[in-house]
Structure formats: C-alpha cells, structure tokens
Amino acid sequence: MAFTKACSESDIAIGDKKRIKVGDQTVLVFHLEDGFYATAASCTHMFAPLARGKINDGCTLVCPFHRAEFDIKTGEVQQWANFPPGIAQLTNMLRKQKALATFPTKVEDGAVLVDV
Ligand code: FES
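(A) Seen up close, the pairing of strand β11 (residues 111-115). Of the two faces of β11, the one holding Val112 and Val114 is buried and the one holding Ala111, Leu113 and Asp115 is not buried anywhere. Of the strand pairs in this sheet, strand β1 (residues 3-8) and β11 are connected by 5 bridges, and their pairing is antiparallel. For Lys5, the partnering residue across the bridge sits in β11 and is Leu113. Note that strand β10 (residues 105-108) and β11 share 4 bridges and pair antiparallel. In the strand pairing of β11, Thr105 is matched with Val114. Linkage of β10 to β11, two consecutive antiparallel strands, is achieved through a turn of 2 residues, within which Asp109 is found at a positive phi near 50°.

Structure (structure tokens):
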C-alpha cells in the first residue's frame, strides 16, 4: 500500500491518540514523545475499541475491556488479558496471545501519513 494522509500533526497532542479511517482501514494514530505511530483500532483479544484505552508510561496501550497491554511502537503484547480475575483466564483459553498490527508512519509538510 501507499502512505495516505491520516491527519495533521496538530490534530493529536503529544501523549494522545485518535481513531482515524485511512483508506479501507480504521487505525489508531498515536502522538508519542518521539513521533507518530499507528496500530490496529481493535484489541486482538476480544475486539474492544482501543480508542477507549489508556496510554501508560508513554508507550503502552491498555485495553479498556480486560486490560491487555500492547507496546504501541511494535504491537507486541506486554501483558495479556488479566481482568476481571478468573473470567479473563477463561477467555484466554479461547483467545491466545496475539500482537497488535502496526503500520508505518511518516510526517510530511505537517501531515501525518500512514501506510495501511
Ligand atoms: S478485548 Fe482487549 S483485553 Fe479483552
């Protein structure tokens, strides 16, 4: 695919994120201290909308449903679903740990481009 404009640099404050449709994909675009990153918008556990998740420690995304944690830059799982205790372990028998898709980004002339 080709890089496509997702938003302007000024649309997302540092430390924040935004759900954006880019081409056929809906992605989350993050503005971290060292630049822009993009991931899939749904959790790989049970498809929670990650736009409602929280950013921890500047580069970890916490799912709002069962608190899986993903590295925003790589998509790797830092901690799999663990909430609520007991129930999450049951769902984990059905849904094995899976990284979040990430997409390359770049900034050109104040525009954030994502390669979806
Ligand atoms: S849906 Fe995200 S951790 Fe369960």
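(B) Spatial organisation of the sheet that holds strand β9 (residues 102-103). Strand order in this open sheet of 4 strands is β2-β3-β4-β9, and the pairing throughout is antiparallel. Single-partner strands in this sheet number two, and they are β2 (16-22) and β9. Here 2 bridges tie strand β4 (residues 35-40) to β9, and the two strands are oriented antiparallel to one another. Directly across from Ala38, in β9, lies its bridge partner Phe103.

(C) Layout of the environment of Val112. Within the secondary structure, Val112 is located in strand β11. Spatially, the C-alpha atom of Val112 lies 9.4 Å from that of Asp11, the residues being 101 residues apart in sequence. Setting aside anything within four residues of it in sequence, one finds Val112 in contact with Ala6, Cys7, Ser8, Glu9, Val29, Phe36, Thr105 and Val107.

(D) Region of interest: the environment of Asp16. Mapped onto the elements of the fold, Asp16 is located in strand β2. The class for Asp16 is exposed, based on 12 C-beta atoms found within 10 Å. Along the sequence, Asp16 and Gly58 sit 42 residues apart, while their C-alpha atoms lie 9.4 Å from each other.

Each value, and the rule that gives it
- Residues numbered from 1 in each chain as written.
- Predicted model: local features only at pLDDT ≥ 70, side-chain atom pairs only at ≥ 80, totals over all residues.
- Buried ≥ 20, exposed ≤ 12 C-beta atoms within 10 Å, placed from the backbone.
- Helix = DSSP H or I, 4+ residues; strand = E, 2+ residues; numbered from the N terminus.
- Pairing = 2+ DSSP bridges.
- Contact = placed C-beta atoms within 7 Å.

Interpretation note: all reported values are geometric properties and have no functional meaning in isolation.
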